[in-house]
Each structure stands twice: as C-alpha cells, then as structure tokens.
Amino acid sequence: MARVGIYGGSFNPPHVGHSLAAREMTDRLGLDRLLIVPAAVPPHKALPDGSPGAADRLELCRLAFADVPKAEVSDLELRREGPSYTIDTLRALRQSMPDDELFLMMGTDMLLSFDLWREPEEIARLATLAVVRREESEAVWDEVRRKAASLSRTLPARIVLVENRCVQVSSTTVRRLLALGAPLALEPAVERMILERGWYLSGCDLKNLPFDRLSEISLSLHDEKRRPHVLGTSQTARALALRWGADPDLAARAGILHDITKALGPSEQLHICRKYDMVLTELQRDNPKLLHAKTGAAVARAVFGECEAVCEAIYWHTTGKANMSLLEKIIYIADYMEPNRSFPGVEILRSLVETDLDAAVFEGLDQSVRLLRKQGRIVDPDSLSAWRCYHPNKDREEQKA
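Residues numbered from 1 in each chain as written. Predicted model: local features only at pLDDT ≥ 70, side-chain atom pairs only at ≥ 80, totals over all residues. Heavy atoms only, no water.

A. Examining helix 16 (residues 326-337) more closely. Counted at 1.5 Å a residue, the expected span for helix 16 with its twelve residues is 16 Å, and the 17 Å between its end C-alpha atoms agrees. Most of helix 16 is tucked away: eleven of the twelve residues are buried. All buried positions along helix 16 are accounted for by L327, E328, K329, I330, I331, Y332, I333, A334, D335, Y336 and M337. (Helix = DSSP H or I, 4+ residues; strand = E, 2+ residues; numbered from the N terminus. Expected span 1.5 Å × (residues − 1). Buried < 20%, exposed > 50% of the residue type's maximum accessible area, 1.4 Å probe, protein only.)

B. Expanded view of the nonpolar core. By size, the foremost hydrophobic cluster in this structure holds 57 residues, and its most contacted members are L180, L257, F304 and I333. Counting residues per element, this core draws most heavily on helix 16, which supplies eight residues. Contact partners of F304, with chain neighbours within four places excluded, come to L180, L206, K207, N208, L209, L214, I217, L257, I260 and V299. Formed by 30 residues, the second largest nonpolar core is a distinct cluster that contains L35, F114, L151 and A157. (Core = buried A, V, L, I, M, F, W, Y, C linked by side-chain atoms within 4.5 Å. Contact = heavy atoms within 4.5 Å.)

C. Inspection of the packing of helix 18 (residues 357-374) against helix 19 (residues 381-389) at higher detail. The interhelical angle for the contact between helix 18 and helix 19, taken along N-to-C directions, is 135 degrees, at an axis separation of 9 Å. As summarised for this structure, helix 18 and helix 19 are arranged oblique, according to the angle between their axes. Of the two elements, helix 18 crosses helix 19, and the hand of that crossing is left-handed. Every residue of helix 19 that contacts helix 18 at F362, L365, D366, V369 and R373 is listed here: S383, L384, A386 and W387. (Axes fitted to C-alpha atoms, helices over the stretch in contact; angles between N-to-C directions. Parallel < 35°, antiparallel > 145°, perpendicular 65-115°, else oblique. Left-handed = near helix turned anticlockwise from the far one by under 90°.)

D. A look at the packing of aromatic side chains. Scanning the entire structure with this criterion turns up eight aromatic pairs. Where Y336 meets F343, the ring centres are 5.6 Å apart and the plane angle is 55 degrees; that geometry is what we call tilted. Arranged with centres 5.8 Å apart and planes meeting at 40 degrees, the rings of F362 and W387 form a pair that is tilted. Note that F362 is positioned in helix 18 and W387 in helix 19, a separation of 25 residues in sequence. Of the two residues examined, F362 and W387, each falls in the buried class. A connected cluster of aromatic rings, assembled from ring pairs, spans Y7, F11 and F65. Between R118 and the ring centre of Y85, over which it is positioned, the NZ or CZ distance is 3.8 Å. (Phe/Tyr/Trp six-rings, centres within 6.5 Å; stacked < 30°, edge-to-face > 60°. Lys NZ or Arg CZ within 6 Å of the ring centre and 35° of its normal.)

E. Examining unusual backbone geometry more closely. For the bond from N12 to P13, the omega torsion is 0 degrees, close enough to zero to count as cis. Residue position: P13 is located in the loop between strand 1 (3-9) and helix 1 (16-29). Despite not being glycine, K70 shows a phi value in the positive range, around 70 degrees. If you check the backbone angles, N323 has positive phi at about 55 degrees while not being a glycine.

F. Summary view of the side chain of S51. As for its position among the elements, S51 is in the loop between strand 2 (33-38) and helix 2 (54-64). Side-chain polar atoms of S51 contact the side chain of N12, separated by 3.0 Å. Beyond its immediate chain neighbours, meaning those up to four positions away, S51 contacts N12, W199 and Y200. (Polar contact = N/O pair within 3.5 Å; in protein donor to acceptor, adjacent residues only side chain to side chain.)

G. Representation of the sheet that holds strand 3 (residues 71-73) in the model. Pairing within the open sheet is parallel, and its six strands lie in the order 3-2-1-4-5-6. Here the strands that pair on one side only, and so sit at the sheet edges, are strand 3 and strand 6 (159-162). Sheet twist, expressed as the average angle between the axes of neighbouring strands with direction ignored, equals 25 degrees. With four bridges connecting them, strand 5 (residues 128-132) and strand 6 associate as parallel partners. Within strand 6, the residue paired with V131 across the bridge is L161. Seen against the sheet, helix 3 (residues 86-96) touches strand 1, strand 2 and strand 4 (101-107) and runs at an angle of roughly 155 degrees to strand 4. Against the sheet, helix 6 (residues 138-154) engages strand 5 and strand 6, with an angle of about 170 degrees to strand 6. (Pairing = 2+ DSSP bridges.)

H. Seen up close, the layout of surface pockets. Of the volumes computed, that of the second largest pocket is approximately 1100 Å³. For the lining of the second largest pocket, the secondary structure elements donating two or more residues are helix 13 (282-286), helix 14 (292-302), helix 16 and helix 18. Considering every element that reaches the lining of the second largest pocket, the biggest residue donor is helix 18, with eight residues. By residue class, the composition of the lining of the second largest pocket is twelve nonpolar, eleven polar and eleven charged. (1 Å grid on protein atoms, 1.4 Å probe; cavity = no way out; pocket = protein on both sides within 12 Å on 5 of 7 lines; lining within 4 Å. Points joined across faces, edges and corners; volume = space filled by probe spheres on them. Nonpolar A, V, L, I, M, F, W, Y, C, P; charged D, E, K, R; others polar.)

I. Layout of the packing of helix 16 against helix 18. Close contact between helix 16 and helix 18 brings their axes to 10 Å; oriented N to C, the two are set at 50 degrees. As far as their axial angle goes, helix 18 and helix 16 are oblique. Seen from above, helix 16 lies across helix 18 with left-handed handedness. Between helix 16 and helix 18, the residues in contact are L326, K329, I330, Y332, I333 and Y336 and L357, D358, A360, V361, G364, L365, Q367 and S368, respectively. Classifying every residue of the contact of helix 16 with helix 18 gives nine nonpolar, three polar and two charged.

J. Fine view of the pairing of strand 5. Along strand 5, five of the five residues are buried, which leaves the element largely enclosed by surrounding structure. Burial of the side chains of strand 5 extends over both faces: T128, A130 and V132 are buried on one face and L129 and V131 on the other. Where strand 4 meets strand 5, five bridges bridge the pair, whose relative direction is parallel. Looking at strand 5, one finds that L104 is bridged to L129. Regarding the hand of the β-α-β motif, the stretch spanning strand 5, helix 6 and strand 6 is right-handed. (Right-handed = clockwise from strand over helix to strand, strands pointing away.)

K. View of helix 18. The first and last C-alpha atoms of helix 18 sit 26 Å apart over 18 residues, in line with the 26 Å expected at 1.5 Å per residue. For helix 18, the full list of buried residues reads L357, A360, V361, F362, E363, G364, L365, D366, Q367, V369 and L372. Packed against the buried residues of helix 18 are helix 10 (227-244), helix 16, helix 17 (346-352) and helix 19. N-capping of helix 18 is provided by D356, with a side-chain oxygen placed 3.3 Å from the backbone N of D358. Immediately downstream of helix 18, the backbone of G376 shows phi near 75 degrees, a positive value.

The structure is reproduced here in structure tokens:
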C-alpha cells in the first residue's frame, strides 16, 4: 500500500512556495508519490484576465515541480469537463488506487473553510487531510488546531497538521509583481515561459496608455477593498485640478496610480526598490510599509511611462515636502480627503480646499504630524519640512528651526 499525496489548485502561476510545500509534505509524511493536480476550471473563482489556459498552467506545473522528488503532474482535471471539484478528483483517484492511502494537501485557509466545500464528509472519508502552513503566524496555526479539532468531532475526518517550512508569498502577489516588471519567487524555467508568452501583463507594453485602460489595469492590481479609494482619489484629483488650474488629465493619471504598489508587503516593497536601484534612507529601510509612494513612483515611470510631474506627485503623496508643485499638492490632498475617507477632521480639509489649497495642505500635514506624535511614532523629515513650509505662521516656525 502506497502513501499518495494529492496537491491541487489553480497554480496561477506555480511558484517557489508551492514547490517548497510539495517537498515538505513529501518528506514529513513519508509519501511514496505526490500528484500535482492543476484545476482546469476552478469552481469558486474566475481566473484573472491575462492568465494562461489550463493546458499552459499544466505545462508551468511540469516546469515548477520538475526537481521535486516523487512529484508527478497529472492532467486528471483537464480531462474532465466542468468545474474541477475536489470530490470528483478523489473519487477518480480512489477508483484507480483502491488500496493506497491518500493524503489531500491543503493550506491553512482551505481547512478553515473546509466545511463549506462540496461534500466535505465524503472528502474526509476518501482521504486524510494534510494541512500545511502558508504563513508563520502562530495565531493562525492555533486557529487551525481549533478548526481541526472541531472537524474531527463533526466529520469522519483524519487531519494531520504538517509542521513545515514555508515561503510567505501568494500567486496573487506573484502576478502583481510580474505586471509591475519585478518577477519574484518563480523557478527560472517558469519565469522564462511566462515572460515569453506575456501572461499576467508581463510582456505587454503598458506605457502611455489611454486613461480608461490605465484605470482598468491599476484597479486590477489592488485588493478589492482599496479600489474605491483609488478611484475616488483620481476623480477628486481631476476635480481639484480643474478648480486650481492644474492639468486635469495628469491629475487623474497620478491619482489612479498613486497606490499602485500598496497591495505589496514589506519584502516585496524592498524587492522593487532593489529592482529599480532605489536609494533608501535608514528610516525608509526600517519602515518598508511606508515605501509604497516611492516604489509606486518608480513603477509609474518604468512600467507605465508616466511623465516626471506625475511620478513626482506619486512619490510625495504620503509625506509631502517643502515647496510642492501644484500637482503634488493636489495629489497629496486628494488622497487625504477623497469621498471614501471618513475620520475626524476630514470635513475641515474638504472645506478649506475650496478656498485655500495651501491651507488645506497644511491642515492635512498638521493632522498627520499630531497623530504620529500621539502614537509615539517617528515623523518623516520631509513631512516636518513640509509642515514648516506651509505653516500659517511660517516665519515664526523658521526662527524656531
């Protein structure tokens, strides 16, 4: 009787996190075989535009898992019509290997939603659930332990929690980085095939796009919850440009791109900095969560071909600086007060910006500086310079400095 692991998913694309998980599962469970089963039609999510088809993802998996011992890439779900439900795959495998012990591999997030799957009781009867870490958080792992205990009481479930090493990267993040010209966490052969075929926007010329297309691409690279903010900032920036005499088209473009790298984590932010040879201050290196304005400007320039005025407005939209250009002021304040923002003091900004743009900029800076100081956090030197520059009693502040 062989011990056989089943590792399914959309693998869109397969990355080093997947291959490491496969190695860890094979080793720690003592598997004789590990079947990699890419889904032809994922049942609960549509694949993003620009994704390769099922046959191409199958080939990417063959490249990604080529060096993983005992791994075999199966086209089982590609040979079956309709959505790729796990229960159908397990029934087919059980029929072809009736005496083998099957282990269904899944990440922590999958176990937490397992009772919502199609026929979870039958899945649990056909295979042992082997849960691997997708992140190092002990809080999440504790939640998984509780869920496993609960499922073991309510279902005929055999659950193994695999204490594995993991790479904290998702296919969504990998896709975003490909579109932003900074591939990461891919096997070299996988990366070459993706770039040659231009999947995930990696081979597209994205420079000087019409605004509607630029907006479509930008919004696709954000988490769903952030999209209203990005769109609101762009629309507010355009309106402010018309009010104060700036170029409304440049304002809209800067607004739609101002948070283009916001969805990336700290390590990915630093990766983009290295990719585009960005020189960082010590404060920036120690606080990579604050880097999205800087990396966003680099991407706007290198990937989207935006003019320097737009890139500079993106670069300064979080900290501000002394003597900002008109467009820089507009993006700074539009980000702060777009219609989806709701916090004490936002109405003051919305009132001021109609009559005195500099006063609105100072109000935004003042609110930020006071909040950071209250929280005991470091205030960026550029924000302090801007605060002094736009202070209504500027001369007095300069004498203090």
